[in-house]
Amino acid sequence: MGGADPESHTERLLVPLPDPAPAYARPAARGAGPSASANEHLRAWLAAGRSPGRPEVLPAVPARRAMSKWSVGRKPSRTLGLLLLVILSYLVLRRYLHLEPGSCDHKVAQRLDWYNLVPAWLRHRKSGLQANGQHFMLEDSTFWIFGGSVHYFRVPKEYWRDRLLKMKACGLNTLTTYVPWNLHEPERGKFDFSGNLDLEAFVLMAAEIGLWVILRPGPYICSEIDLGGLPSWLLQDSGMRLRTTYKGFTEAVDLYFDHLMSRVVPLQYKHGGPIIAVQVENEYGSYNRDPAYMPYIKKALEDRGIVELLLTSDNKDGLQKGVMDGVLATINLQSQHELELLTNFLLSVQRVQPKMVMEYWTGWFDSWGGPHNILDSSEVLKTVSAILDAGSSINLYMFHGGTNFGFINGAMHFHEYKSDVTSYDYDAVLTEAGDYTAKYFKLRSFFGSISGVPLPPQPDLLPKISYEPLRPNLYLSLWDALQYMEEPVNSEKPVNMENLPINNGNGQSFGYTLYETTIASSGVLSGLVRDRGQVFVNTVSIGFLDYEKKKIVIPLIQGYTRLRILVENRGRVNYGDNIDDQRKGLIGNIYLNDSPLKKFRIYSLDMKKSFFQRFSIDKWSPIPAVPTFPAFFLGALSISLSPFDTFMKLEGWEKGVVFINGQNLGRYWNIGPQETLYLPGAWLDQGINQVIVFEEKMASPVIQFTETPHLGRNQYLD
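If you're wondering where the values come from, they're calculated on a predicted model, not measured in any experiment. (Residues numbered from 1 in each chain as written. Predicted model: local features only at pLDDT ≥ 70, side-chain atom pairs only at ≥ 80, totals over all residues. Heavy atoms only, no water.)

*Asks:* What's the story with the overall build of the protein in this structure? I'm lost.
*Replies:* Broken down by element type, the protein carries 16 helices and 35 strands. Across the 718 residues of the protein, 58% fall into the buried class. In the protein, 79% of the contacts between residues at least 6 apart in sequence involve partners at least 24 apart. For the protein, the exposed surface amounts to about 29,200 Å²; the carbon and sulfur share of it is 52%. (Helix = DSSP H or I, 4+ residues; strand = E, 2+ residues; numbered from the N terminus. Buried < 20%, exposed > 50% of the residue type's maximum accessible area, 1.4 Å probe, protein only. Contact = heavy atoms within 4.5 Å. Areas by Shrake-Rupley, 256 points an atom, 1.4 Å probe, with all protein chains shown as cover.)

*Asks:* Quick question: what am I supposed to make of the sheet that holds strand 32 (residues 676–679) here?
*Replies:* Note on sheets: strands pair through backbone hydrogen bonds, and any given pair is parallel or antiparallel. Taken together, the three strands give an open sheet; going across it, the order is 32-29-34, and neighbouring strands pair in antiparallel fashion. Single-partner strands in this sheet number two, and they are strand 32 and strand 34 (704–706). Neighbour-to-neighbour, the strand axes of this sheet turn through a mean angle of 35 degrees, independent of strand direction. Looking at chain direction, strand 29 (residues 646–649) and strand 32 are connected through four bridges and run antiparallel. Note on strand 32: the bridge partner recorded for Met 648 is Leu 677. (Pairing = 2+ DSSP bridges. Axes fitted to C-alpha atoms, helices over the stretch in contact; angles between N-to-C directions.)

*Asks:* Would you mind going over the sheet that holds strand 9 (residues 309–314) with me for this structure?
*Replies:* Taken together, eight strands build a closed barrel; the order of strands is 5-6-7-8-9-10-11-13 and the barrel is parallel. Between one strand axis and the next, the sheet turns by 30 degrees as a mean value, whatever way the strands run. Direction of pairing for strand 7 (residues 212–216) relative to strand 8 (residues 275–279): parallel, over a ladder of three bridges. Of the residues in strand 8, the one forming a bridge with Val 213 is Ile 275. Helix 10 (residues 293–303) contacts strand 8 and strand 9 of the sheet and is inclined by roughly 150 degrees relative to strand 9.

*Asks:* How should I be thinking about the side chain of His 135 in this particular structure?
*Replies:* Among the structural elements, His 135 can be located in strand 3 (residues 135–138). Within the structure, His 135 has its side chain in polar contact with the side chain of Gln 134 (distance 3.3 Å). (Polar contact = N/O pair within 3.5 Å; in protein donor to acceptor, adjacent residues only side chain to side chain.)

*Asks:* Just checking my understanding: could you explain the pattern of salt bridges for this structure?
*Replies:* Charged atoms that come close allow side chains of opposite charge to pair. Tallying each qualifying case throughout the model produces 30 salt bridges. Here Asp 618 makes a salt bridge to Lys 619, at a shortest N to O gap of 3.6 Å. Overall, the relative accessible area of 21% leaves Lys 619 in the partly exposed class. Within the structure, one salt-bridge network assembled from shared partners comprises Arg 532, Glu 568, Lys 655, Arg 667 and Glu 696. (Salt bridge = Lys/Arg side-chain N within 4 Å of Asp/Glu carboxyl O.)

*Asks:* Help me understand the confidence of the model for the protein in this model?
*Replies:* Reading fine detail from the predicted coordinates is not recommended where pLDDT is low. For the protein, the mean per-residue pLDDT works out to 86, and 83% of the residues sit at or above 70. Below pLDDT 50 for its whole length, residues 41–79 participates in 71 contacts with residues either more than four positions away or in separate chains. Under a pLDDT of 50 for its full length, residues 85–122 has, in the predicted model, 41 contacts with residues more than four places off or in other chains. (pLDDT = per-residue confidence, 0-100.)

*Asks:* What exactly am I supposed to notice about the side chain of Lys 655 here?
*Replies:* Of note, Lys 655 is situated in strand 30 (residues 655–660). Assessed through its relative accessible area of 3%, Lys 655 is described here as buried. Side chain to side chain, Lys 655 and Glu 568 meet in a polar contact 2.5 Å long. Every residue in contact with Lys 655, bar those within four places of it in the chain, is listed here: Tyr 512, Arg 532, Glu 568, Tyr 668, Trp 669, Phe 694, Glu 695 and Glu 696.

*Asks:* In this structure, what is going on with helix 12 (residues 336–350)? I would like to understand it.
*Replies:* An α-helical turn contains 3.6 residues, so any two residues separated by three or four positions project in the same direction. With 15 residues, helix 12 extends 21 Å between its outermost C-alpha atoms, agreeing within 8% with the 21 Å of an ideal straight helix rising 1.5 Å per residue. Of the positions making up helix 12, those classed as buried are Glu 338, Leu 339, Leu 342, Thr 343, Leu 346 and Gln 350. Along the axis of helix 12, the buried residues cluster in a sector spanning 120 degrees; they form a single face. Away from its buried face by more than 90 degrees, helix 12 exposes His 337 and Glu 340. Buried positions along helix 12 lie against helix 11 (319–322), strand 10 (328–333), strand 11 (355–361) and helix 13 (377–389). Directly after helix 12, the chain includes Arg 351, whose backbone phi takes a positive value near 60 degrees. (Expected span 1.5 Å × (residues − 1). Arc of directions from axis to C-beta.)

*Asks:* How do you make sense of the pairing of strand 6 (residues 174–178) when you look at a structure like this?
*Replies:* The side chains of a regular strand alternate between the sheet's two faces. Most of strand 6 is tucked away, with five of its five residues classed as buried. Because side chains alternate across strand 6, one face comprises the buried residues Thr 174, Thr 176 and Tyr 178, and the other comprises Leu 175 and Thr 177, equally buried. By the bridge criterion, three bridges tie strand 5 (residues 146–150) to strand 6 in an arrangement that is parallel. Its bridge partner lying in strand 6, Ser 149 is registered against Thr 176. What joins strand 5 to strand 6 is helix 6 (residues 160–169), and the crossover it makes is right-handed. (Right-handed = clockwise from strand over helix to strand, strands pointing away.)

In structure tokens form, the structure reads like this:
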């Protein structure tokens, strides 16, 4: 996959994938009691001459080596049978490897279940990861999970290998990742697993590097992503009850899982792949709306061929209600105090089972208008050490956070609505751009001290550069751009984003929506706007409606006047009890002096790549001395040598979105904390790069670049 040589690609998939190292496995000791310290336990094992770097799990070996281990003199019938199977396998593979690229059969061959071409006694994989007493077991060896979270959809595909090599070099042996349903099925029945969403390529790359994988496929994933990863088109149903056995929800989950699991099943450990465990939903104990729901999700996974160890994952608010029969419970936490409380609870309900912290939060996410949250590296090291001392496996959430590119960020809404910033740096072990941190060096030293074998060398850092300031030279006001857009939706009443009759009946998921109607008098405008609506009389902005401000005064007007409301979906809530109430745009009627307004023209400004293709170069004008906002600004970033990573700084701009060569880098907002946008060098070209900025209120003459990110004023987490 991913442009690999067909012959080497076949050999990699034909035989079991390499066993990652270090795996921290040791032979099982019958009747052995719990050790006083996990670290002492590992060191004692090393002193006895064992190396955790090479687990005593049956190794995966190349096909030729595997063949050589069979003695021809043992059983002639077995030898003959083996030769026939090898010849048959060769003929089948030869048939598929000589197909023309692009042909229908060639595409089928790429999805071929290579596992079934190999005799069972050549695969060497039997029982997979098991929860056996106080220890995890992989085959006949005790196994410690030292994991880290990286989300493929938050990292440019070109940088996946860099991030995973750095994970391996830190001494970790397992990758964990969520799977975002909303990105993979943007429209009902239309699936996207290409490019940056190529889940299979990501999992296979982890295996190639020597990492096991724990997959967290949801369907709900939280993850500070819009609607917790659930597709917004689910909300077209006014009676929708997300995360329950409501028929409208389970029917959609079933169709999604039918497609997703057909991709995941061949990647499981027992099929020769790296996936050793699969999580059932995510933190359901803190939601807990339907007792039949989690058993339904468990059965949905198993019925579609998931055969590896199943896990749940809950924080302190939901652990008591999140435990379910036949599934190993794991915990999410940040402090040593929580560790003691939660592990004691697990012991009381699960008895003697392996302990795992599925999410040890190495930092935290940020919200617009708040501080940049950080967690001291010494505190992280102490807690990681305490988790291992408690005999628990661990997953670092996040090892590398990445970026909420585009409009995918989520939000929280308890006492007040707070949307997440574009950066998902998370103060993680690697920075947003994949650079090393003090946490990385301390954890690498720690894991290296108990690995028993030298860790791989640290990959070099990707270079950064500060490009010369860019001056946009062309401009297109939103009001002039409307004539080039698709025909608006005409409706007697306002229609929320999700229920707009666009995108093949799937509504609008992300971006902005513009509502236009005509008024003949001044007065008080009121209504529910989700999340932020800029109000215009003709082309003049008069203020905003949002969660806090639900009324605005329309000034004196003469005759019939055009009223416009530009509504931004700032991010749907990803955690909490109110996920069913996440429709965006104008919600219900909008009133002028308590009378509902009628006859709307509604424009979808989703700002996908196809959106900008309507604005050919002849549609743009030179920037006037006093631009009319909102507006699009066009400039060119010229790069003479190979492109490198950089950070855009929009000082003097107020609020908007940036697009580079058609890629949506995400939102900026001068209320902070985030002051720079990460621009991956992999998305830049040598030569001319198109830069488009959509700005709502105020623009600067220049866009600046810097080698260093500025994520805002720091606030230490308690």
